[in-house]
Structure formats: structure tokens, C-alpha cells
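Topology and contacts: notes
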Amino acid sequence: MQNDFGSGKIWKVIFAQSMPLMLAQLVHLLYNVVDRIYIGHLEGIGSMALTGIGLAFPLTTLIAAFTNLFATGGTPLFAIARGEGKEDHAETILSQVCGALVISSVILFALSYVFRKPILYAFGASDASYVYADEYLKIYLFGTAAAMLSTGLNGFINASGYPKIGMMTVLLGAFLNLVLDPVFIYLFHMNVAGAALATVISQIASAAWALSFFTGSHAVYRINPGKMLPKLSVMKEIIPLGTAGFVMQGTNAAVQIICNIALRQYGGDLYVGLMTVINSVREILSLPVNAISQGSQPVLSFNFGARKYSRIKEGIKVSTLASFVYTAAAWAVVLIFPKQLISIFTNSAEMIEAGTPALKIYFFGFIFMTLQFAGQSAFTALKCSKRAVFFSIFRKVIIVVPLTLILPAIGYGVKGVFLAEPISNLVGGMAAFVTMYLTVYRKFPADGEAAHI
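Residues numbered from 1 in each chain as written. Predicted model: local features only at pLDDT ≥ 70, side-chain atom pairs only at ≥ 80, totals over all residues. Heavy atoms only, no water.

1. A look at the overall build of the protein chain
When helices and strands are tallied, the protein chain shows 16 helices and zero strands. Taken over the C-alpha trace, the protein chain has a radius of gyration of 21 Å; the compact-globule value for 453 residues is 22 Å, and the two agree within 12%. Its C-alpha atoms put the protein chain at 65 × 45 × 35 Å along the principal axes. The burial tally for the protein chain puts 58% of its 453 residues in the buried class. (Helix = DSSP H or I, 4+ residues; strand = E, 2+ residues; numbered from the N terminus. Rg over C-alpha atoms; globule rule 2.2 N^0.38 Å. Buried < 20%, exposed > 50% of the residue type's maximum accessible area, 1.4 Å probe, protein only.)

2. Here we look at helix H9 (residues 232-266)
The largest bend in H9 is about 40°, located at Thr243. Positive backbone phi, at 90°, marks Gly268, one or two positions downstream of H9. (Bend = angle between axes of the 7 residues up to and from the residue.)

3. Concerning the confidence of the model for the protein chain
With 97% of its residues at a pLDDT of 70 or more, the protein chain shows a mean pLDDT of 89. The spread of mean pLDDT over the elements of the protein chain runs between helix H1 (residues 10-40), the lowest at 77, and helix H3 (residues 87-114), the highest at 96. (pLDDT = per-residue confidence, 0-100.)

4. Thoughts on the nonpolar core
Residues Phe214, Leu382 and Phe418 are the most contacted members of the largest nonpolar core, which totals 120 residues. In terms of residues, this core owes the most to one element, helix H2 (residues 46-84), which gives 14 residues. When sequence neighbours within four positions are dropped, the list of residues in contact with Phe418 reads Leu263, Tyr271, Leu274, Met275, Ile278, Ala358, Ile361 and Tyr362. Among the nonpolar cores identified, the runner-up in size contains seven residues, and Ile10, Val13, Ile14 and Val318 belong to it. (Core = buried A, V, L, I, M, F, W, Y, C linked by side-chain atoms within 4.5 Å. Contact = heavy atoms within 4.5 Å.)

5. Section: a nonpolar patch on the surface
Judged by side-chain polarity, Ile423, Leu426, Val427, Met430, Val434, Tyr437 and Leu438 come together as a nonpolar surface patch covering roughly 550 Å² of accessible area. By the element assignment, Val427 lies in helix H16 (residues 414-439). For Val427, a relative accessible area of 40% gives the class partly exposed. (Patch = residues over 30% accessible without salt bridge, like charges linked within 9 Å, V, L, I, M, F, W, Y side chains within 5 Å. Areas by Shrake-Rupley, 256 points an atom, 1.4 Å probe, with all protein chains shown as cover. Salt bridge = Lys/Arg side-chain N within 4 Å of Asp/Glu carboxyl O.)

6. Some thoughts on the environment of Met22
Relative to the elements of secondary structure, Met22 occurs in helix H1. Along the primary structure Met22 and Asn290 are separated by 268 residues, whereas in three dimensions their C-alpha atoms are 8.0 Å apart. Residue contacts for Met22: discarding those within four places in its chain leaves Leu287, Pro288, Ala291 and Ile292.

7. So, the packing of helix H14 (residues 369-381) against helix H15 (residues 385-412)
Across the interface, H14 lies against H15 with an axial gap of 8 Å and an inter-helix angle of 150°. Taken as axis vectors, H14 and H15 run roughly antiparallel relative to one another. As for the relative orientation of H14 and H15, their crossing is left-handed in sense. Packed against H14, whose contacting residues are Gln372, Gln376, Phe379 and Thr380, the element H15 presents Arg387, Ala388, Phe391, Ser392 and Arg395 at the interface. Of the residues that constitute the contact of H14 with H15, the class distribution is three nonpolar, four polar and two charged. (Axes fitted to C-alpha atoms, helices over the stretch in contact; angles between N-to-C directions. Parallel < 35°, antiparallel > 145°, perpendicular 65-115°, else oblique. Left-handed = near helix turned anticlockwise from the far one by under 90°. Nonpolar A, V, L, I, M, F, W, Y, C, P; charged D, E, K, R; others polar.)

8. Describing the packing of H15 against H16
In the contact formed by H15 and H16, the axes pass within 8 Å of each other and the chain directions differ by 155°. With respect to their mutual orientation, H15 and H16 come out roughly antiparallel. For the element pair H15 and H16, the recorded crossing hand is right-handed. Considering only residue class, the contact of H15 with H16 consists of 16 nonpolar, seven polar and five charged.

9. Quick notes on the pattern of salt bridges
A side chain with one charge can pair with a side chain of the opposite charge if their charged atoms come near. In total, this model carries eight salt bridges according to the counting rule given. Note that Glu283 is salt-bridged to Arg36, the shortest N-O span being 3.3 Å. Highlighted residues: Glu283 in helix H10 (residues 269-305) and Arg36 in helix H1, separated in sequence by 247 residues. Classification of Glu283 as partly exposed rests on a relative accessible area of 25%. For Arg36, a relative accessible area of 2% corresponds to the buried category.

10. Here we look at the packing of aromatic side chains
Applying the stated rule across the entire model yields 23 aromatic pairs. Judged by centre distance (5.7 Å) and plane angle (35°), the rings of Phe109 and Tyr113 are tilted. Highlighted residues: Phe109 and Tyr113, both in helix H3, separated by four residues, approximately one helical turn. Here the aromatic residues Phe379, Phe390, Phe391 and Phe394 are joined through ring pairs into a cluster of three or more. In this arrangement the basic side chain of Arg116 is found over the ring face of Tyr113, its NZ or CZ atom lying 4.4 Å from the centre. Here Lys313 stacks its cationic end above the ring of Tyr441, 5.1 Å away from the centre of that ring. (Phe/Tyr/Trp six-rings, centres within 6.5 Å; stacked < 30°, edge-to-face > 60°. Lys NZ or Arg CZ within 6 Å of the ring centre and 35° of its normal.)

11. Some words on H14
Relative to the 18 Å expected for 13 residues at 1.5 Å per residue, H14 spans 18 Å between its end C-alpha atoms, a close match to the ideal helical length. After H14 finishes, the residue Lys383 shows a positive phi value of roughly 65°. (Expected span 1.5 Å × (residues − 1).)

12. So, the side chain of Gln372
Mapped onto the elements of the fold, Gln372 is located in helix H14. The buried category is assigned to Gln372, whose relative accessible area is 7%. In this structure Gln372 touches Phe391, Arg395, Gly428, Gly429 and Ala432, once residues within four positions along its chain are discounted.

13. Regarding the environment of Gly448
Position of Gly448 relative to the elements: it lies in the segment after H16. Once the C-alpha coordinates of Gly448 and Gly305 are considered, the two residues, 143 residues apart in sequence, prove to be 10.0 Å apart. In this structure Gly448 touches Arg307 and Tyr309, once residues within four positions along its chain are discounted.

Below, the structure written as C-alpha cells:
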């Protein structure tokens, strides 16, 4: 059944959106995390192969950034149009985003495939690690269009009020990946290439499912081929709002590159591989708070379009409190079980020994990440694009990048690379949340009136 975001208890509506999304994202991690687990345990080559996969991360993150540029820009506008009762405009936004995703995926594939060698060396590859990075990337890139469409369109399925259908988009691909990984990696002895091939096939299946939701005979909102060619008038609405998501992922890519370079300089290939493991743990532990954030966005957007501001304020409080409780529990898990978390991805005693203190440093103050998510989520959902973009840049570019370069150079070595993350969570998170509270939360008028935020 389609959810009505404008009625019922707001916490129930948000969790009705967030829980299927959380399960979907948990399963989505299997796309890449299962790859890393299998690869990290390959006899003799596991650590170096894991390093190679880590070198490909910035490029795959950049592809995700372009997905966000159009999808996270279009999804709130789509939900707002639904709240305003403008069904035709909602369908136009959906079609425009779909067209933009297809065009950008073709361009990204061509550029990335042709220039992958200089790109990987610029990202910090050594001659030893390049072999594995290239083996993975030259196959993975063929799934660019499928990856962008499945992820981008899934946000619209959720914003339509069908989170369980959106969950199935991810479940389908993840199940295939889980089955195909051991077949290609071990049975066919394809190693890293097998992991990439399993991922591509899984992404194609997910994209086909998402497309069928918007093109089938029972589609509530339909992708109109005649409206897919991007128009400036519509893109001028979508891109400014999506820039926050683009910048967030784009700066993630930049940070990954700089971290890889710094870690290779001060610690060698071992620490580049270790950062792959730590990023994998972060993806797993960040997943619930990310799902709460994303699940609340279409609810906030819908109620903004319907001018039900009291529901928006309650939604912000509910999602922030739930995220705080979770991140506190996750931080405790890291402090108690660091070796066990690292051992999921590698059986290398050297990597486990080096990774235990690094993981504790990286996750110090994990609860403050909640503030960043809460601020960014509200800014994006409520069309405050400039503030959303600024705080994406502020945390990563202004805080993390300089600290990653400076701290290792002044004597902290590899420890300095891992220290940059908790500092940015505290400073960047506080800045984003306080600004959201003062400029958005406290500025809402009575329900039904026009808001000026």
C-alpha cells in the first residue's frame, strides 16, 4: 500500500520508510562488502588484492556522486510535488532524472575506462596493487549505467510511498551477488575479476526491477520517454538541490584519494588495504543512521509541500534521537570488538594488529556523525540547497582534507590520517546541526502558512 506521509504519527511514518530502507541498504552492502570478504581471504594474495579494490573506491564513489546529483536533487522535488497534488510535475521530474542518469552514465563509463590506468596511479596505486585494481575496475565499469539507474530510481520508489518495493530492488541484486561471488571467485578461479563480474550482473538485475516499477502496466508514476531529454528549466530545479549529495560523495572520493596517497607514503600498501577494511566497517555501522536520514527525507519533503510544519519539527526530533541512540551503541561495539570486526575482512595477522588501534581512533566520537546527518537531511528535504552544499564541503574539504595532509606531516604519521575523521564529525556535525536548528527548525510558521527558510 502507498503510504500517506501527511497523516498518522510521524515516528511511525518515518520508521515505516526507514526500516525497509535499512534492510535494503544492509543487503546492498553485500554488493561490495561480500566481494571484499571473499577477496580479503584469498590465499596468498588477499591483502594486496584488498588494497587494489580500495584503490578503485574513489572512482566508484565518484560515479555514486553523479547519481546523487540527479537522484537526491529530484527525489525531494518529486515528494514535494506529490504533497502539493501536482502529479504531472512529479512524473516530469522522474522522467528527467532517468534521462540524466542514462546520459551521464555513458559519459562516465567512457572516460573512466579509457583513462583508468593514469587514474589509478594518481589515486595511489603501486605497481603491485595496480594489477588487482585494474582487473577489478575494467569489468566493474561495464555496470555503470545499471548501478546509477538502480540506485537513482530506487529513491523515487521510496518517495512514491512503496519502501518495500524499493527494498526488493536491492534484495534481488544482493542475493544474486551473494550466490555468484563464490561461483566466479572460487569455482571458476576468476579471483578479483570474478567479484567484479558478479557485481555487474547483480546491478543489471536491480536496474531492471526498478525500471519495471515505473514502466509496467500498474505503474503509479511512469517514466515518459518523451520527457527524458533533460530540459534546462527542470534541471535548474534538480541540480542545485542535488549538488549537496554530489558534493558529499565527491568530497568522499577526494578524501579517499588523499587518504590512500598519505597512507601509502607513511605506511605502505598495508595501510591502504587497511583503510579499505575500515571503510567497509564504517559502511556497515553507518547504515542504520543513513537509512533513518534517507527514510525521513521524503516524509519531511511531503509535509513541507503540504505546509504541515509541526510534523516536520517532530520528524526531525524523532530521527535525530533515534540516530543518537544507535551511534552510541555502534561506538561501544567498536571499542569492545575491534579485532573481530577487522577479522571479518582479512585473516592477515599483520593487518589485524595494525588495524585494531586505527579502528578505535577512526570511530572515536561516532555519535557526532548523527548531527551531520540530521542537518544535511533537513537541508536537502526542505530545498535549502546552498546550506546543504556548504556543510558537505565544510566537513570534508575544509576539515578532513587539510587534517589528512597536516597531521601525518607534523609527527602523527598514519595515526594522523585516522584522527581526521573524528575531528570532522565533531566540528562539522555541530556546525551543520546548530545552523539547521537556528535557520530552519526555529523559523517554521504555523501550519498552513507560507514558510520562508
